[in-house]
Amino acid sequence: MSLWLSAEGSSALLALIGAAEAGARDEVPVGAVLTDDLGRVLGVCGNRCVSSADPVGHAEMRVMRQVCRHLDNYRLPSTRMAVSLEPCPMCREAAILARVDRIRFLARREGSAEGREDPVCVQDPEYQAVSAGLLRFFFSERRADLCSAGKSV
């Protein structure tokens, strides 16, 4: 039996690993991976808003900063991003400005318009349940911690 994982499948799994690592640091579990047009991984990051006291410490922003520094370029042409959660408008627009070719996300952001056509940002349903499960678990744990501390949810 051979296991074949496409570049897209492996980048989705790496995004999930980045998300899990962020969750282990008490950050919202979101991970992002940036690859080149051949599928080679250029960077992997998870959220770090809380621990860095950075409102733009989103996984997508961090991975773009990391790769831009490495490439010594503020543009990222011929790259693709995989994200465990649909990017917020800030991250989506930053990726477009950086010239990221395509953004594939796993779980849909609550309240986003499902079914709208977006030439840049598309859902990859293959690992959607895993990503959504990570987020549900994280927030249920947060609610349980608040309840046990006597705070309202």
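Shown above is the structure to which this text applies.
What counts, and at which threshold
- Residues numbered from 1 in each chain as written.
- Predicted model: local features only at pLDDT ≥ 70, side-chain atom pairs only at ≥ 80, totals over all residues.
- Heavy atoms only, no water.
- Helix = DSSP H or I, 4+ residues; strand = E, 2+ residues; numbered from the N terminus.
- Buried < 20%, exposed > 50% of the residue type's maximum accessible area, 1.4 Å probe, protein only.
- Contact = heavy atoms within 4.5 Å.
- Areas by Shrake-Rupley, 256 points an atom, 1.4 Å probe, with all protein chains shown as cover.
- Pairing = 2+ DSSP bridges.
- Axes fitted to C-alpha atoms, helices over the stretch in contact; angles between N-to-C directions.
- Salt bridge = Lys/Arg side-chain N within 4 Å of Asp/Glu carboxyl O.
- Core = buried A, V, L, I, M, F, W, Y, C linked by side-chain atoms within 4.5 Å.

Student: Go over the overall build of the protein chain, please, and point to the residues and values.
Tutor: Each helix and strand counted, the protein chain has four helices and five strands in total. Taken across its 153 residues, the protein chain has 39% of its residues classed as buried. Sequence separation of at least 24 residues holds for 45% of the intrachain contacts in the protein chain that already meet a minimum separation of 6. Accessible surface, the protein chain: about 8,900 Å² in total, of which carbon and sulfur atoms supply 55%.

Student: Explain the sheet that holds strand S2 (residues 41–46) to me, using residue names and the numbers behind them.
Tutor: Read across the open sheet, the five strands follow the order S2-S1-S3-S4-S5; overall the sheet is mixed. Edge strands, defined here as strands with exactly one partner in the open sheet, are S2 and strand S5 (121–123). Averaged over all pairs of adjacent strands, the angle between strand axes in this sheet comes to 20°, irrespective of strand direction. Pairing analysis gives three bridges linking strand S4 (residues 102–107) to S5, with the strands arranged parallel. Looking across to S5, one finds that Arg104 is bridged to Val122. Helix H2 (residues 59–71) rests against strand S1 (31–36), S2 and strand S3 (79–85) of the sheet, and its axis sits at about 140° to S2.

Student: How would you explain the pattern of salt bridges if you had to name every residue and give the values?
Tutor: Side chains bearing opposite charge may pair, as long as their charged atoms lie close to each other. Following the criterion strictly, the structure yields five salt bridges and no others. Residues Arg92 and Glu93 are paired through a salt bridge, measuring 2.7 Å at the closest nitrogen-oxygen approach. Under the relative-accessibility criterion, Arg92 is labelled buried at 18%. What makes Glu93 partly exposed here is its relative accessible area of 41%. When salt bridges that share partners are traced, they join Arg92, Glu93 and Asp118 into one network.

Student: Explain the nonpolar core residue by residue, including any values.
Tutor: Among the nonpolar cores identified, the biggest contains 27 residues, and Leu34, Val63, Met64, Leu76, Met81, Val100 and Ile103 are the most heavily contacted of them. Going through the elements one at a time, S1, H2, S3, helix H3 (89–97), S4 and helix H4 (128–148) are the ones with two or more residues in this core. Counting residues per element, this core draws most heavily on H2, at six residues.

By themselves these figures say nothing about function.
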